[in-house]
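Structural overview for review
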Number of protein chains: 4
Amino acid sequence: MALASKMEKVEAVDALTAGVVAHKLKPQALLVSREAKPEDTLVQAGPVTVGGGSFTVIAGPCSVENPEQMLCTARWAQRYGAAILRGGAYKPRTSPYSFQGLGKEGLELLAQARRLTGLPVVTEVMDSSDIELVAEYADVIQVGARNVQNFSLLRKLGQIRKPIFMKRGLMTTIKEFLSAAEYILAGGNDQVILCERGIRTFETATRNTLDLSAVCVLKEMTHLPVVVDPSHAVGNRRYVKPLARASLAVGADGIMVEMHCTPEKALCDGDQSLTPKEFKAMMEELNAMTALRQGWLAC
Amino acid sequence: MALASKMEKVEAVDALTAGVVAHKLKPQALLVSREAKPEDTLVQAGPVTVGGGSFTVIAGPCSVENPEQMLCTARWAQRYGAAILRGGAYKPRTSPYSFQGLGKEGLELLAQARRLTGLPVVTEVMDSSDIELVAEYADVIQVGARNVQNFSLLRKLGQIRKPIFMKRGLMTTIKEFLSAAEYILAGGNDQVILCERGIRTFETATRNTLDLSAVCVLKEMTHLPVVVDPSHAVGNRRYVKPLARASLAVGADGIMVEMHCTPEKALCDGDQSLTPKEFKAMMEELNAMTALRQGWLAC
Amino acid sequence: MALASKMEKVEAVDALTAGVVAHKLKPQALLVSREAKPEDTLVQAGPVTVGGGSFTVIAGPCSVENPEQMLCTARWAQRYGAAILRGGAYKPRTSPYSFQGLGKEGLELLAQARRLTGLPVVTEVMDSSDIELVAEYADVIQVGARNVQNFSLLRKLGQIRKPIFMKRGLMTTIKEFLSAAEYILAGGNDQVILCERGIRTFETATRNTLDLSAVCVLKEMTHLPVVVDPSHAVGNRRYVKPLARASLAVGADGIMVEMHCTPEKALCDGDQSLTPKEFKAMMEELNAMTALRQGWLAC
Amino acid sequence: MALASKMEKVEAVDALTAGVVAHKLKPQALLVSREAKPEDTLVQAGPVTVGGGSFTVIAGPCSVENPEQMLCTARWAQRYGAAILRGGAYKPRTSPYSFQGLGKEGLELLAQARRLTGLPVVTEVMDSSDIELVAEYADVIQVGARNVQNFSLLRKLGQIRKPIFMKRGLMTTIKEFLSAAEYILAGGNDQVILCERGIRTFETATRNTLDLSAVCVLKEMTHLPVVVDPSHAVGNRRYVKPLARASLAVGADGIMVEMHCTPEKALCDGDQSLTPKEFKAMMEELNAMTALRQGWLAC
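Notes on the structure in this doc start here. Owing to the predicted nature of the structure, the values given are computational and were not obtained by experimental measurement. (Residues numbered from 1 in each chain as written. Chains lettered and ligands numbered in written order. Predicted model: local features only at pLDDT ≥ 70, side-chain atom pairs only at ≥ 80, totals over all residues. Heavy atoms only, no water.)

Below, the discussion takes up the environment of Gly46(D). Residues and elements named next belong to chain D. Among the structural elements, Gly-46 can be located in the loop between strand 1 (43–45) and strand 2 (48–50). Considering only alpha carbons, one finds Gly-46 and Ala-246, 200 residues apart in sequence, at a separation of 27 Å. Excluding its chain neighbours within four sequence positions, the residues that come into contact with Gly-46 are Pro-120 and Asp-139. (Helix = DSSP H or I, 4+ residues; strand = E, 2+ residues; numbered from the N terminus. Contact = heavy atoms within 4.5 Å.)

Now for the state of the cysteines. Residue and element names in this part refer to chain B. Following the criterion strictly, the structure yields eight disulfides over all chains and no others. With its sulfur 2.1 Å from that of its partner, Cys-62 forms a disulfide with Cys-268. One end of the pair, Cys-62, is in the loop between strand 3 (56–60) and helix 2 (67–79); the other, Cys-268, is in the loop between strand 10 (254–258) and helix 10 (276–290), and 206 residues separate them in sequence. Residue Cys-62 is classed as buried on the basis of its relative accessible area, which comes to 3%. Residue class for Cys-268 comes out buried when judged on its relative accessible area of 7%. If one numbers only the bonded cysteines of chain A, in the order they occur, the disulfide pattern is 1-4, 2-3. (Disulfide = S-S within 2.5 Å. Buried < 20%, exposed > 50% of the residue type's maximum accessible area, 1.4 Å probe, protein only.)

A few words on the pairing of strand 7 (residues 164–167) of chain B. Residues and elements named next belong to chain B. Burial of the side chains of strand 7 extends over both faces: Ile-164 and Met-166 are buried on one face and Phe-165 and Lys-167 on the other. Bridge analysis of strand 6 (residues 140–143) against strand 7 gives three bridges, and the strand direction is parallel. Looking across to strand 7, one finds that Ile-141 is bridged to Ile-164. Each parallel crossover has a hand, and the one from strand 6 via helix 5 (residues 151–157) to strand 7 is right-handed. Pairing of strand 7 with strand 8 (residues 192–196) involves four bridges; the strand directions are parallel. When the sheet's bridge partners are listed, Lys-167 is paired in strand 8 with Cys-195. For the crossover that starts at strand 7, traverses helix 6 (residues 174–186) and ends in the parallel strand 8, the hand is right-handed. (Pairing = 2+ DSSP bridges. Right-handed = clockwise from strand over helix to strand, strands pointing away.)

This part covers the sheet that holds strand 9 (residues 226–228) of chain C. Each strand in a sheet pairs with another by means of backbone hydrogen bonds, the pair being arranged parallel or else antiparallel. Residue and element names in this part refer to chain C. Ordered by their spatial adjacency, eight strands build a closed barrel running 3-4-5-6-7-8-9-10, and the pairing between neighbours is parallel. Going across the sheet, the axis of each strand differs from the next one's by a mean of 25 degrees, ignoring polarity. Bridge count between strand 9 and strand 10 (residues 254–258): two bridges; the pairing is parallel. Residue pairing in the sheet places Val-227 in a bridge with Gly-254 of strand 10. (Axes fitted to C-alpha atoms, helices over the stretch in contact; angles between N-to-C directions.)

The two chain copies are connected by a rotation around an axis plus a translation along it. Once turned by 180 degrees and shifted 0.0 Å along the axis, chain B lies on chain A with an RMSD of 0.0 Å. The two molecules are tied by a two-fold rotation axis, judged by turn and shift. Across chain B, the smallest distance between a C-alpha and the rotation axis is recorded for Ala246(B), namely 2.1 Å. Taken as a fraction of all interface residues of chain B, those also at the interface in chain A reach 100%, which identifies the copy contact as same-surface. (Least-squares fit on C-alpha atoms with pLDDT ≥ 70 in both.)

Quick look at helix 7 (residues 213–221) of chain A now. Counting buried positions over the nine residues of helix 7 of chain A gives eight, a clear majority of the element. Of all the residues in helix 7 of chain A, the buried ones are Ser213(A), Ala214(A), Val215(A), Cys216(A), Val217(A), Leu218(A), Lys219(A) and Met221(A).

Right, dumping it as structure tokens:
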């Protein structure tokens, strides 16, 4: 890309943000913007299409712990209507002494869960040197909230041909979030799902503060699908169901929730994981809302 | 109240908050807490009951500007299903040189709008010396976000017999919000409606960040009705409708939205005011959701 | 003031803020701005002049509790070099069941402490109906952090002829802080001292986050003196001394610190109150820095 | 490390944080804690010792741009008393279309600047696959604010034998910051310098909010040296000098500032870069304060 063209793009980043207020976007807009591409992008996660009018539920444990846990959870997720399975094999943990994930063994258990249920799987990559291995197993590759501005990782994810599931960081503005996604699209990979998962604020009654207004802003500014993760946002399973309903109502393209057969034994994030029974109750409420959803899409 | 009893109450404030996580509340809990009173409080705003299963829509202009504006807006609000009218006669403004409200003249226009529509009215009081006057005109008295810790004002509002509509401050924790309401209940007035209206965070794409998780936490901790104000939270009329749907879906007892016959001429907050047509569209979507709402209440 | 003139002032608020970055201020600037008045304002607190090159230390207990406590603390404050005494008679407390201050009795103890030491006193007013009474006793009237946008109170403080000591709120931007001070100057009272006392952020290791950069920005934008309160910012006496040094080093016009003869018995904020011995050690370090301070003023 | 031992460490993370308030630390504390090692750690950056009573000034351009710029800036930095040179060869940029650094060519220019001045150099690594190359050139390796929780990178930096200069993230709590450093120490590398560089808050008058209280808390909790970067915190050269003085006054072990021979031509962060003349003025003020500093160390 010539320098002149690059400079235009940089201006476009500012124009894009200014546009939230002023609605005066420049023609040479970012690849992630609706100006560059007005119609919704459909992301193909194995057999599942994310975006474009459907509401996709992604469920599974925080981390893959062992065969029983992963396969049991996967079976209930499928039975009650999840479209995609989640599970962490590489876990970013605040402390070096916390459980760090099973690594390759975890990836193999995810593949086993996929064979068992027929559902595609999404799992996180933490280091650019692991991309190839994770891409071998996963249908969708997740970028965690703490890596949303790991630009070196993002640039390499632009080079591969797998969909990317990208979480907003705790401190990422909407402008920065879109610029981070632009790294991937600029590399040639337009299969990106954005995920709002709560931002860090002064409030500590919930783990983070779920920013559902961001869904409105993102859906207006970008053609990429936007999914909400209420589990990490609140850190408390009692609040997941109402916030899942709110996510659907606000116009998101789906949710990602944590679910565990025996949350009280989970090695990670047990407090925020739904039991299969709670997951079922949530799905029933979401399904009942689906009929209404058609008229809502013009957020 | 004896000192020993007071000290127990102070401990109860901490216990209440700790309880968000630990669910081990002390018996001698705050008056606002579900421990003190498990069943929902119903707040009687003129002929309208807020809380206890209904979904109340409050609508009207940011500030009362003149007879045409107030009466025109009130008529559309009523026609499309608002249950309560809003309008500011005393306006808290960041700059001393901005429009500060019509004062008593504004209160009289609100009373006229009530006669015209039959709807009760809510309006803000900014100073304890105005309480008597405002109470003469209003069915519900509003405490603005910037006065939520004006303890002197709160104490006096505990002495009157009018319902209070209390906005969460831009940086008020849920604990502080409940403690502020406790000032009113401790004075003998239990007719208090709490209102989440967005908190201040690092994100500037929206005016503030609407904290819908707070609705879940509040509904769990207190018996008081909880209403959401999406207009002030986002500052942009395009996002009000989806966030109104999300407010209903998360389990709130109602919403307050700004509406103006000619938003482009509004003296205050025109950008976030719905037109009557947009208000109608919002009400249709909310009404369609109401049937589903019964099963959701156990947030 | 004519409407045209008012509208110019409103534009000036925006220009003032934009000016932080752009340095292109309009001529018709706010009264608080350096454009309106380039030279430093000197505030006369009884016999003490605040601003204009001096470094003023204000010390005393969080709240006035009883004669022994107030007089003992006042004596040590004076002996070790405080220029102004502080002490709260009306206390804004999060919980209605916490100690709310001695009221008029507290004001009388402050007057007694002034007679004993010769030092002027600063104390908080919480309600506009108390202004007259507080002004009778105090040399300087404090507006607390929670009242910085109590515009009704501010407007009335513009009408009196006592200096105002105004704390920045937990959530107040620098722009809003200056606009709040403008309410007082617009009323005709230019004797205003601004006080940075920590803002609310995500960090909880300290009570709030002391924003010393704000001192630089304020000193550049306004001619009013700027004082720092490290005690409330950190909530921990161990950190008060180093932050007092940093406040002097950054170019503040003074500090306000909490001090108590027996902090372990304090009814309020004991953890952050210095003992007389700690206060002495702090004063020695500050005095040693004073000689260097001359060259620093052009912040 | 056996699992039982690991579990003790995890408990120690919580104890460490609780200890900020309660001062009751467990014996089996984290490696970064003063409980594990009461005396200050000295970090050896080439010929320069950081920590233990000295005040180290690190200076240089945001990014290495070309030979003239780097060598000119390095010469002035040395002449006026900088102890370590900085300069970015790999630049984390919000937009993929911004200047991303010269890469290896930049490392070579840094090595040339070191030969010219005799000063050691610090430069950032963004990806674990670049560690080996960067370590070949740099005396100290920097972890940027956006990588402070890139745990995969941190773990690898624990394996090398170069000092690490680690910036606090925009929304990293002090607890998380120490846990991130623990990743490096747990790997066997105890040569870590911590750097406070401003956190993200609601205030936008400065780029970020410099948290000087964090220096006090960190110096109390950990034996690692703590340095302050005022340039990135405020984003405005006019505020760098007063905040550098405040950093010294609060008890930091040094500062890192941006400096550029011709800031108006800088490809990155020109607004916050000092000119050589401004750098000289800052150094003179800091040098004058040094004599006082001895008594201050017991922060």
